[in-house]
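Coordinate analysis (summary)
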Amino acid sequence: PTSPSTISRPMSVVARLVPASLSRTLLISDQAFVSAAPVCRTLHGARFVPGLLLASAREMTTKGKAAQKLTAGERESKLKPLLDDSWTMVDGRDAVKKTFLFKDFNEAWGWMSRVALRSEKLDHHPEWFNVYNKVEVTWSTHDCGGLSSKDIQMATFCDDTFKLFT
């Protein structure tokens, strides 16, 4: 019989086995884990062998790095410069947004691609809306229910990357 550590992975899936006690809720495709060992499913459909869970590489890198809401001091030192640079607070929630205008759709899409790649690397993704040359971006950290240093970092990246297109 196949042991729990025997894994067959498609080329496009990068995965590792981790103790269940270290894992968060996972969203894993059905193709990510193939084994003849007894397999159970979580409510979210992730497969696991008792005592072990299959985690994506991204899950492995975000363990123990829970985002914290910005403190009053951080809001003054880190958020205020963004607000002074055309970012605005979103009504009714602890989030910032900004609209970026580009020469055309190609530039807008190119900028969005750069932001998407950085977002994926940091495992922190924007809420955004795009029509032709206009992109509206909103940053907020859902894990902590408001703004965190990740939002400041990504908003700053958006501004810095936008400068390459102007």
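Each remark here, short or long, concerns the structure printed above.
The text that follows walks through the structure, step by step, so that each part is easy to find. (Residues numbered from 1 in each chain as written. Predicted model: local features only at pLDDT ≥ 70, side-chain atom pairs only at ≥ 80, totals over all residues. Heavy atoms only, no water.)

So, about helix α4 (residues 149-162). Taking 1.5 Å of rise per residue, 14 residues should cover 20 Å, and α4 covers 20 Å from first to last C-alpha, within 8% of that figure. Buried within α4 are the following residues: Asp151, Ile152, Met154, Ala155, Phe157, Cys158, Asp159, Thr161 and Phe162. Along its buried surface, α4 packs onto α2 (72-83), β6 (96-101), α3 (105-122) and β8 (134-139). (Helix = DSSP H or I, 4+ residues; strand = E, 2+ residues; numbered from the N terminus. Expected span 1.5 Å × (residues − 1). Buried < 20%, exposed > 50% of the residue type's maximum accessible area, 1.4 Å probe, protein only. Contact = heavy atoms within 4.5 Å.)

Take the pairing of β6 next. The two faces of β6 differ: Val96, Lys98 and Phe100 on one face are buried, but Lys97, Thr99 and Leu101 on the other face are not. Looking at chain direction, strand β5 (residues 88-89) and β6 are connected through two bridges and run antiparallel. Paired with Thr88 across the bridge in β6 is Lys97. Hairpin connection from β5 to β6: six residues lie between these consecutive antiparallel strands, with Gly92 at a positive phi of about 85°. One ladder, built from six bridges, connects β6 with β8; its direction is antiparallel. Following the sheet pairing, Lys98 is matched in β8 by Val137. (Pairing = 2+ DSSP bridges.)

Glancing now at the sheet that holds β8. The four strands are arranged β5-β6-β8-β7 in an open sheet whose pairing can be described as antiparallel. Unpaired on one side and paired on the other, β5 and β7 (127-131) mark the two borders of the sheet.

Here the focus is a nonpolar patch on the surface. A surface patch of nonpolar side chains, amounting to about 560 Å² of accessible area, comprises Phe105, Trp109, Phe129, Val131 and Tyr132. Going through the elements one at a time, α3 and β7 are the ones with two or more residues in the nonpolar patch. One can find Tyr132 in the loop between β7 and β8. (Patch = residues over 30% accessible without salt bridge, like charges linked within 9 Å, V, L, I, M, F, W, Y side chains within 5 Å. Areas by Shrake-Rupley, 256 points an atom, 1.4 Å probe, with all protein chains shown as cover. Salt bridge = Lys/Arg side-chain N within 4 Å of Asp/Glu carboxyl O.)

The next point concerns the nonpolar core. Trp87, Phe100, Trp111, Trp139 and Cys158 are the most contacted members of the largest nonpolar core, which has 21 residues in total. Those elements giving two or more residues to this core turn out to be α2, β6, α3, β8 and α4. Per-element tally for this core: the top contributor is α4, with six residues. (Core = buried A, V, L, I, M, F, W, Y, C linked by side-chain atoms within 4.5 Å.)

Time to look at the pairing of β8. Examined bridge by bridge, β7 and β8 share five bridges and lie antiparallel to one another. Within β8, the position partnered with Trp128 by the bridge is Val137. Counted along the chain from β7 to the antiparallel partner β8, the turn is two residues long, and its residue Tyr132 has a positive phi close to 50°.

Honestly, that's just the spatial picture; any functional story needs more than this.
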